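# Working through the structure, step by step
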Amino acid sequence: MWKKKKESNLNNAVDVHTELVARHLDKNGREIQRRVIKNKVVTNAFVYDIVDVLKGTSGKFDLYKWHDSGISTAAETAAQTGLLSRVATAHTVGTQVETASSNAYQSVATKTYTSTKSITEHGLFNASATGVAGRKMMDRTLFAAINVANGDSIEFTFTITFSSGG
């Protein structure tokens, strides 16, 4: 997670917050539960991508739209490059939007499960599959288990908000 730099002059600070909303839906589309998970771990790879885009050397932000989930309970770290125990389903492409305040990016995707699992982690990636050259993870979020059954789905809404200082 990025934090505001502690200085006497915060006029140039950029504050970054992330949020993941997970809506557990049964096989008929009825909401079972909704969870909001705030301020988890933005990865080193994403921060490096920001610098590369600003330098004009590489990187594209519009590719960070691929959602995946897993069952690991190991803590998040900025150095992680993927989920630690990915569920064997395809990555799901998210719908990308800019929020009304124009300072937040959102990606929304629904993952459907074909067997009983205890889903505990979510990641947002810039490529559709593992093994794709240049694949990077923007964020890994760990949460208390969402127990899904065959046919259940989870709608993931990932938001990253940038607030300028001054």
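Scroll up to find the structure this text is about.
The text that follows walks through the structure, step by step, so that each part is easy to find. (Residues numbered from 1 in each chain as written. Predicted model: local features only at pLDDT ≥ 70, side-chain atom pairs only at ≥ 80, totals over all residues. Heavy atoms only, no water.)

This brings us to the pattern of salt bridges. If you walk through the whole model with that rule in mind, you get eight salt bridges. When the shortest N-O distance is used, the salt bridge between E19 and K38 registers 2.9 Å. Of the two residues, E19 sits in strand 1 (residues 14-25) while K38 sits in strand 2 (residues 31-38), which places them 19 residues apart along the sequence. On the basis of relative accessible area, K38 is assigned to the exposed category, the value being 53%. (Salt bridge = Lys/Arg side-chain N within 4 Å of Asp/Glu carboxyl O. Helix = DSSP H or I, 4+ residues; strand = E, 2+ residues; numbered from the N terminus. Buried < 20%, exposed > 50% of the residue type's maximum accessible area, 1.4 Å probe, protein only.)

Per the stated rule, a full pass over the model turns up one aromatic pair. With 5.1 Å between their ring centres and 85° between their planes, F46 and Y64 make a pair best called edge-to-face. With F46 in helix 1 (residues 44-55) and Y64 in the loop between helix 1 and strand 4 (66-70), the pair connects residues that are 18 residues apart, well separated along the chain. The same class applies to F46 and to Y64, which are both buried. (Phe/Tyr/Trp six-rings, centres within 6.5 Å; stacked < 30°, edge-to-face > 60°.)

Looking now at the nonpolar core. In a soluble, globular protein the nonpolar side chains are often hidden away together inside. Judged by nonpolar contacts, the single largest core of 21 residues is most densely connected at F46, Y113, I119, F143, I154, F156 and I160. Among the elements of the structure, strand 1, helix 1, strand 8 (117-125), strand 9 (137-148) and strand 10 (153-164) are those that each provide at least two residues to this core. Not counting the four nearest positions on each side in its chain, I119 is found in contact with S69, G70, I71, V87, Y113, F143, A144, A145, I146, V148, I154 and F156. (Core = buried A, V, L, I, M, F, W, Y, C linked by side-chain atoms within 4.5 Å. Contact = heavy atoms within 4.5 Å.)

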